[in-house]
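Structural characterization, general
So you can see what is in the structure, the chains are spelled out below.
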Number of protein chains: 2
Amino acid sequence: MRTEGRAKRLPRAVRERQIMDAAVDVFSRLGFHAASMDEISEVAGISKPMLYAYLGSKEELFATCIRREATRMMEAIATGVEPDQEPDVQLWSGLRAFFGFVGENRASWMVLHRQASTQGGPFAVELTDMRTRAVSLVAALLTQSTKAPATKLEAESLAAALVGAGESLAEWWLDHPEEPAGVVAARLMNLVWMGFGDLVEGNVWHPPSRR
Amino acid sequence: MRTEGRAKRLPRAVRERQIMDAAVDVFSRLGFHAASMDEISEVAGISKPMLYAYLGSKEELFATCIRREATRMMEAIATGVEPDQEPDVQLWSGLRAFFGFVGENRASWMVLHRQASTQGGPFAVELTDMRTRAVSLVAALLTQSTKAPATKLEAESLAAALVGAGESLAEWWLDHPEEPAGVVAARLMNLVWMGFGDLVEGNVWHPPSRR
DNA sequence: CAGTAGTCTTACTCACGAGTAGGTACCAGG
DNA sequence: CCTGGTACCTACTCGTGAGTAAGACTACTG
């Protein structure tokens, strides 16, 4: 079944990357429990003992996957968002960065959201951490821009709702990959910024003209 | 460990209910793979062969759980929503019914959303089915009320976004149970009907005075 | 009181998967 | 050419959990 000729001895760092990639792939397809170390090692083109020697137990491997993918994603969003802009523009660029990342890293997103959130224990912690950062980002955006007196808890829960909406819209998007990322992002932007009440009246939000 | 004296012979229908309740409990806590038929049978206060005799294999049991809980939930929403009302009122009553159900049936919701959505295969079908019904309900609400020309696909994807927002707000709510259902529902209502754009201006939506 | 239908159990088989023991192949530096 | 270290493997152990065989106990029915 091995298509390429037997791969030769490779330095540890390279193997570890291969293994991580394989692990993200398998975990995203099967979930933590259904994924087997045998399959991961096979996909990685390596034997099981190597896997254990380099990445430790199954749980350690999974946690490492989550940490790596979470970091990649937060960095993608951070570089995509433009601070010192109007709140709606910031939100817009953040949404674009988010959906852009998910679109190009479906497996990463699956591991992060679907798999990690359903496993209890140490895994959820990494996730909650990332989510908390995202929520407080949005919450800050809100409180910074709001003119009405709103409690901190109000802002936080609205931010949580928005983040949740983004998460599950991304989830939904997995089943409708034909839509381009920008369209999905724009839809969510319109929904959460304008609301149905405006949308049914025909009032839509659109980004400022390109600078 | 058995607290009650040995339960006597019970008719099949009763046992099946006990087993289903136990299965929903265990599946919601552990997920499909981590849940064992041994534990389910123990929680149900019955032996494993009975479980197999009555409910079939583990997969069949899980699918049956999903179907039962999905039906319960859709019925709860259907009885809660008031047709022939303004769109926003319909949406409001629907949201209240939904969050009311989730609040009083956390285990059901976990099985439905968290567990079922992460298992592939025949399980997701039941789920997709329920979700589709919900989405087309909301989509109909939208197209029925919209004054602007909107494509069917536009309405459907907005509805999907709203349903997704509801789902993950419910998910979020599981970790913040101190909030009452009505408050959570109202927050989502405000978010999706008014939008942040209005909310930061202090414009909020509120239900019509009680009839 | 037989017979039979339905409830219920103990005590298995068997496969699969996590983790390991105990090596072999290859490449440095001396 | 040895010596050590790192990459790498085959071939196991062992626990856990799905599913079953085979029968026991109860209750109704004639």
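The shown structure was predicted, so the numbers you read here are calculated from the model rather than taken from an experiment.

Counted by the stated rule, this structure contains twelve aromatic pairs over all chains. Ring geometry for Phe27(B) and Phe32(B): centres 6.0 Å apart, planes at 20°, overall stacked. For Phe27(B), a relative accessible area of 0% corresponds to the buried category. Taken together, a centroid distance of 5.0 Å and an interplanar angle of 70° make the contact between Phe98(B) and Phe99(B) edge-to-face. Summarising the burial analysis for this pair, Phe98(B) and Phe99(B) share the class buried. Taken together, Phe98(A), Phe99(A), Trp109(A) and Trp173(A) form an aromatic cluster joined through their ring pairs. Lys58(A) extends its terminal NZ or CZ atom over the ring of Phe32(A), reaching a point 4.7 Å from the ring centre.

Turning our eyes to something else, we now look at the domain arrangement of chain A. The extent of an interface is frequently quoted as the accessible surface area lost upon association of the parts. Residue and element names in this part refer to chain A. Domain parsing of chain A yields domain 1 (8-56) and domain 2 (65-199). Put simply, the middle of domain 1 and the middle of domain 2, counted by C-alpha atoms, are 29 Å apart. With both chains or domains summed, domain 1 and domain 2 bury close to 860 Å², and 70% of this area falls on carbon and sulfur atoms. It is Val24, Ser28 and Phe32 that lose the most area in domain 1 upon contact with domain 2, and together they represent 56% of the buried surface on that side. Run the count over domain 1 and domain 2 and you get one salt bridge. Arg68 is the partner of Asp21 in a salt bridge, and the nearest nitrogen-oxygen pair spans 2.9 Å. Between domain 1 and domain 2 we count two residue pairs in polar contact (both at pLDDT 80 or more) in total.

On to the relation of the copies chain B and chain A. One copy of the chain maps onto the other through a rotation about an axis plus a displacement along that axis. Mapping chain B onto chain A leaves a residual RMSD of 0.1 Å; the transformation is a rotation of 179° accompanied by 0.0 Å of translation along its axis. Taken together, the rotation and translation describe the operation of a two-fold axis. Of all interface residues in chain B, 100% are interface residues in chain A too; the two copies therefore contact each other through one and the same surface.

This paragraph deals with the confidence of the model for chain A. Residue and element names in this part refer to chain A. In this model, chain A carries an average pLDDT of 84, and 91% of its residues clear a pLDDT of 70 or more. Of all secondary-structure elements in chain A, the lowest mean pLDDT belongs to helix H10 (residues 196-199), at 77, while helix H2 (residues 37-44) reaches the highest, 95. In the predicted structure, residues 1-6 sits below a pLDDT of 50 and forms zero contacts with residues beyond four places in sequence or in another chain.

What follows concerns the pattern of salt bridges. Considering all chains together, one arrives at 18 salt bridges over all chains under this definition. Arg12(A) serves as the salt-bridge partner of Glu16(A), at 3.0 Å between the closest nitrogen and oxygen. With Glu16(A) and Arg12(A) both in helix H1 (residues 12-34) and four residues apart, the pair spans about one turn of that helix. According to the relative accessible area criterion, Arg12(A) is partly exposed, its value standing at 43%. The shortest N-O distance in the salt bridge between Arg29(B) and Glu39(B) comes to 3.6 Å. One end of the pair, Arg29(B), is in helix H1 (residues 12-34); the other, Glu39(B), is in helix H2 (residues 37-44), with ten residues separating them in the sequence. Overall, the relative accessible area of 27% leaves Glu39(B) in the partly exposed class. The network of salt bridges with shared partners includes Asp21(A), Arg68(A), Glu69(A) and Arg72(A).

A separate point is the UniProt feature "DNA-binding region" (unreviewed entry) in chain A. Look at the UniProt record and you will see "DNA-binding region" (unreviewed entry) annotated at residues 36-55 of chain A. Structurally, residues 36-55 of chain A is divided into 80% helix and 0% strand, and its ends, taken at the C-alpha atoms, are 14 Å apart.

Bringing the protein's contact with DNA strand D into the picture now. Residues in contact with DNA strand D amount to 21 residues; listed here are only the nearest, Arg9(A), Ser47(A), Met37(B), Lys48(B) and Tyr52(B). At the protein interface, 58% of the atoms of DNA strand D within 4 Å belong to sugar or phosphate. Side-chain polar atom of Tyr54(A) to a sugar or linking oxygen of DNA strand D: 3.3 Å apart, as the coordinates give it. Within the side chain of Lys58(B), one N or O atom sits 3.0 Å away from a phosphate oxygen of DNA strand D. Mapped onto the surface near DNA strand D, the elements with two or more residues apiece are H1 and helix H3 (48-55) of chain A together with H2 and helix H3 (48-55) of chain B. Considered class by class, the residues forming the surface near DNA strand D number nine nonpolar, three polar and nine charged.

If you check the shell around DNA strand C, you find 21 residues, and the closest are Met37(A), Lys48(A), Arg9(B), Leu10(B) and Ser47(B). Considering DNA strand C, the proportion of its atoms within 4 Å of the protein that are sugar or phosphate atoms stands at 54%. Leu10(B) is positioned such that a nitrogen or oxygen atom in its backbone is 2.7 Å from a phosphate oxygen of DNA strand C. In this structure, a phosphate oxygen belonging to DNA strand C sits 2.8 Å away from a main-chain N or O atom of Ser47(B). Secondary structure elements with two or more residues in the surface near DNA strand C: H2 and H3 of chain A together with H1 and H3 of chain B. Tallied by class, residues from the surface near DNA strand C come to nine nonpolar, three polar and nine charged.

Cut-off values and rules
- Residues numbered from 1 in each chain as written.
- Chains lettered and ligands numbered in written order.
- Predicted model: local features only at pLDDT ≥ 70, side-chain atom pairs only at ≥ 80, totals over all residues.
- Heavy atoms only, no water.
- Phe/Tyr/Trp six-rings, centres within 6.5 Å; stacked < 30°, edge-to-face > 60°.
- Buried < 20%, exposed > 50% of the residue type's maximum accessible area, 1.4 Å probe, protein only.
- Lys NZ or Arg CZ within 6 Å of the ring centre and 35° of its normal.
- Domains from an automatic or database assignment.
- Buried area = accessible area lost by both parts, 1.4 Å probe.
- Salt bridge = Lys/Arg side-chain N within 4 Å of Asp/Glu carboxyl O.
- Polar contact = N/O pair within 3.5 Å; in protein donor to acceptor, adjacent residues only side chain to side chain.
- Least-squares fit on C-alpha atoms with pLDDT ≥ 70 in both.
- Contact = heavy atoms within 4.5 Å.
- pLDDT = per-residue confidence, 0-100.
- Helix = DSSP H or I, 4+ residues; strand = E, 2+ residues; numbered from the N terminus.
- UniProt positions renumbered as here; feature names shortened; annotations may be inferred.
- Near = heavy atom within 4 Å.
- Nonpolar A, V, L, I, M, F, W, Y, C, P; charged D, E, K, R; others polar.

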